[in-house]
Amino acid sequence: MKPVLVLGGSGFVGRTLCEHLVADGDGAARVTVPSRRPARAKPLWMLPGVEVLPARSFDEPELVRLLRGKYAVVNLIAILHGSESAFREVHVELPRRLARACAIAGVKRVVHVSSLGAAPDAPSRYQRSKAEGEAVLRGAKLDLTVLRPSVIFGEQDRFLNLFAQLQALFPVMPLACADARFQPVWVGDVAEAIVQVLRSPQTIGTTYELAGPRPYTLRELVQRAGAWSGHPRRIVPLPPALGRLQARLLELLPGEPLMSRDNLDSMAVPNVPNGQAPGLAALGIRPTALEAVMPQVLSRYGEATRLDGWRREARRG
């Protein structure tokens, strides 16, 4: 594998991607991961062939510096929550700066990870900004491949793990958009798709929709998260008005919200492939089923609860 720059390499998908890139090569240093918080990239420090660099920002001069000598860049940077300006900065302006920096540094090959549902007329700011970012990169003279995954699951995801944690805490699960549809894709399959795309010049100019073997409603996913974690709870679907009120209140809490009104807007569109773009099979990847991975991953929440109970009993003794 030729030298690759991975933007967002210290995140959930990025860490798995770096492992796959290392496994794909001969161990020579070839994967560069810039990070404004290098401590977050600790899991990558010991990977042979991965170099973690401190980066003060991702302005154009810094991107040019990072791109020098690289064959390709993979852009994984995204946010799920934020204002209109925050979405534009991350999903539109960063790709714009990246395109200009690629032209200066002489890097043509770009793999951009977007999202299912991205469209100029989509209901949410997240989806519209994702579509605009894709358009910016398509308008540049780049050897571009776009990947649009559905919600991504895995050991450290912020989706099924979150619902498992919530059900360990609360006796019932009030749920907005319970009938929203998703077709979750395993993080390992997304990482392998990026590797295959980097290997194959034939993928240039193509958009791939990445999804698992079958769709689920949000209610079904939450039920599975509860059952697999050992904390099945009664799910109480919320009417739209109450769901938006719940999201509004969650937005007011400190830190990253569990749910936002923009998330609810995104769920108005089924997060499943439209069948008009190639998927994992076109890259030679057989999609991994949710049931093959997450029962074992989520069972740790049940183990933790049992251990806490044993500790309490031991103290009483």
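Residues numbered from 1 in each chain as written. Predicted model: local features only at pLDDT ≥ 70, side-chain atom pairs only at ≥ 80, totals over all residues. Heavy atoms only, no water.

Colleague: Help me understand the pairing of strand β11 (residues 207–210), please; the structure alone is not making it clear to me.
Modeller: Look at any regular strand and the pattern is simple: side chains alternate between the two faces of the sheet. Side chains T207 and E209 of β11 all project onto a buried face; the interleaved residues Y208 and L210 project onto the opposite face, where all are buried too. Direction of pairing for strand β6 (residues 143–149) relative to β11: parallel, over a ladder of four bridges. Bridge pairing links R148 to E209 in β11. (Buried < 20%, exposed > 50% of the residue type's maximum accessible area, 1.4 Å probe, protein only. Helix = DSSP H or I, 4+ residues; strand = E, 2+ residues; numbered from the N terminus. Pairing = 2+ DSSP bridges.)

Colleague: What should I look at first to understand the state of the cysteines in this one?
Modeller: When the sulfur atoms of two cysteines share a covalent bond, that bond is a disulfide. Throughout the structure, instances matching the rule amount to zero disulfides. Not engaged in a disulfide, the cysteine C18 finds its nearest cysteine sulfur in C102; these two sulfurs lie 17 Å apart. Note on C18: relative accessible area 0%, which makes it buried. Judged by relative accessible area, which is 1%, C102 ranks as buried. (Disulfide = S-S within 2.5 Å.)

Colleague: Could you clarify how one ought to interpret the side chain of E209 in this entry?
Modeller: Turning to its location among the elements, E209 is positioned in strand β11. With no salt bridge to any partner, buried E209 finds its closest opposite charge in R148, at an N-O distance of 4.4 Å. A polar contact of 3.0 Å, which involves the side chain of E209, links it to the backbone nitrogen of N274. Here E209 is in contact with L116, R148, P273, N274, G275, A277, P278, G279 and L280, once residues within four sequence places are set aside. (Lys, Arg positive; Asp, Glu negative; His and termini not counted. Salt bridge = Lys/Arg side-chain N within 4 Å of Asp/Glu carboxyl O. Polar contact = N/O pair within 3.5 Å; in protein donor to acceptor, adjacent residues only side chain to side chain. Contact = heavy atoms within 4.5 Å.)

Colleague: I keep staring at the packing of helix α1 (residues 12–24) against helix α7 (residues 187–199) and nothing clicks. Help me out?
Modeller: If you want to describe how two helices pack, look at the angle between their axes and the distance between the axes. Look at α1 against α7: their axes get within 9 Å of each other, and the N-to-C directions meet at 50 degrees. If you check the angle between α1 and α7, you find them oblique. Like other packed secondary-structure pairs, α1 and α7 cross with a definite hand, here right-handed. Contacts from F12, V13, T16, L17, H20, L21 and D24 of α1 reach α7 at V187, G188, V190, A191, E192, I194, V195, L198 and R199. The residue inventory of the contact of α1 with α7, partitioned by class, reads ten nonpolar, three polar and three charged. (Axes fitted to C-alpha atoms, helices over the stretch in contact; angles between N-to-C directions. Parallel < 35°, antiparallel > 145°, perpendicular 65-115°, else oblique. Left-handed = near helix turned anticlockwise from the far one by under 90°. Nonpolar A, V, L, I, M, F, W, Y, C, P; charged D, E, K, R; others polar.)

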